[in-house]
Amino acid sequence: MSYKAYLFRLRTKQDVDDLDKYINHSNMDGIAFFDFFYIPKKKYAPLKFEKTDLVAAITVDRGDLAESLQDEAGLQSGHYFERLERLGFATDAKNRIHKWEIPEINHARWPTWAKKHLKEVMK
């Protein structure tokens, strides 16, 4: 296997809890990593990203993330994610999407920050 960059859409507290459970599951040690968040600047309808979404950039050493979510962490399907390379976004030298905001956060507390952010944008 090789590491792949994924964008994982977060819209609800449950989405955040599920991604946290996956990344911190004992089976995923050294396999899945949270990198940073994106905040889309506009709606990307064909790609199912809204400007109120929080998009987690994660790196995973799995070819099939849906299968890994279910088989290795016991999570049910229903999450929206895509491999970054399949989306066709223009990226910089660090493989970050141009013109998408990357907020500064404490990485150790990303689930708390994500839930607070989603609560604010849904007001």
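Since we're looking at a predicted model, the values are computed, not measured.

Novice: Quick question: what am I supposed to make of unusual backbone geometry here?
Specialist: A negative phi holds for most residues other than glycine; trans holds for most peptide bonds. Located in the positive-phi region is Asn95, a residue other than glycine, with phi close to 65 degrees. Non-glycine residue Lys99 carries a positive phi angle of around 70 degrees. Here Lys99 lies in the loop between α3 (84–87) and α4 (110–121).

Novice: Any chance you could explain the packing of helix α1 (residues 13–24) against α4 here in plain terms?
Specialist: Any two packed helices are characterised by how steeply their axes cross, that is the angle between the axes, and by the distance between the axes. Direction vectors running N to C along α1 and α4 enclose 165 degrees, while the axes themselves pass 9 Å from each other. Classified by the interaxial angle, the pair formed by α1 and α4 is roughly antiparallel. The two elements α1 and α4 meet at a crossing, and its hand is right-handed. Judged by residue contacts, Lys13, Val16, Asp17, Leu19, Asp20 and Ile23 of α1 engage Trp110, Pro111, Ala114, Lys115 and Leu118 from α4. Classifying every residue of the contact of α1 with α4 by side-chain character gives 7 nonpolar, no polar and 4 charged.

Novice: Sorry if this is basic, but what is going on with the environment of Leu118 here?
Specialist: Within the secondary structure layout, Leu118 lies in helix α4. Judged by relative accessible area, which is 4%, Leu118 ranks as buried. Between the C-alpha atom of Leu118 and that of Phe8, which follows or precedes it by 110 residues, the distance is 14 Å. Leave out the neighbours within four places in its chain, and Leu118 touches Leu10, Arg11, Thr12, Val16, Thr52 and Leu54.

Novice: What should I look at first to understand the packing of aromatic side chains in this one?
Specialist: How two aromatic rings sit relative to each other is given by the distance of their centres and the angle of their planes. In the structure shown here, the tally under the stated rule is 12 aromatic pairs. With a centroid separation of 5.3 Å and 25 degrees between ring planes, the pair formed by Phe37 and Trp113 is classed as stacked. On the criterion of sequence distance, the pair formed by Phe37 in strand β2 (residues 32–38) and Trp113 in helix α4 is long-range, its members being 76 residues apart. The exposure class assigned to Phe37 is buried, which follows from its relative accessible area of 1%. By the ring-pair criterion, three or more aromatic residues cluster together here, those being Phe36, Tyr38, Phe49, Tyr80, Phe89 and Trp100. Here Arg96 stacks its cationic end above the ring of Phe36, 4.4 Å away from the centre of that ring.

Calculation criteria
- Residues numbered from 1 in each chain as written.
- Predicted model: local features only at pLDDT ≥ 70, side-chain atom pairs only at ≥ 80, totals over all residues.
- Heavy atoms only, no water.
- Helix = DSSP H or I, 4+ residues; strand = E, 2+ residues; numbered from the N terminus.
- Axes fitted to C-alpha atoms, helices over the stretch in contact; angles between N-to-C directions.
- Parallel < 35°, antiparallel > 145°, perpendicular 65-115°, else oblique.
- Left-handed = near helix turned anticlockwise from the far one by under 90°.
- Contact = heavy atoms within 4.5 Å.
- Nonpolar A, V, L, I, M, F, W, Y, C, P; charged D, E, K, R; others polar.
- Buried < 20%, exposed > 50% of the residue type's maximum accessible area, 1.4 Å probe, protein only.
- Phe/Tyr/Trp six-rings, centres within 6.5 Å; stacked < 30°, edge-to-face > 60°.
- Lys NZ or Arg CZ within 6 Å of the ring centre and 35° of its normal.

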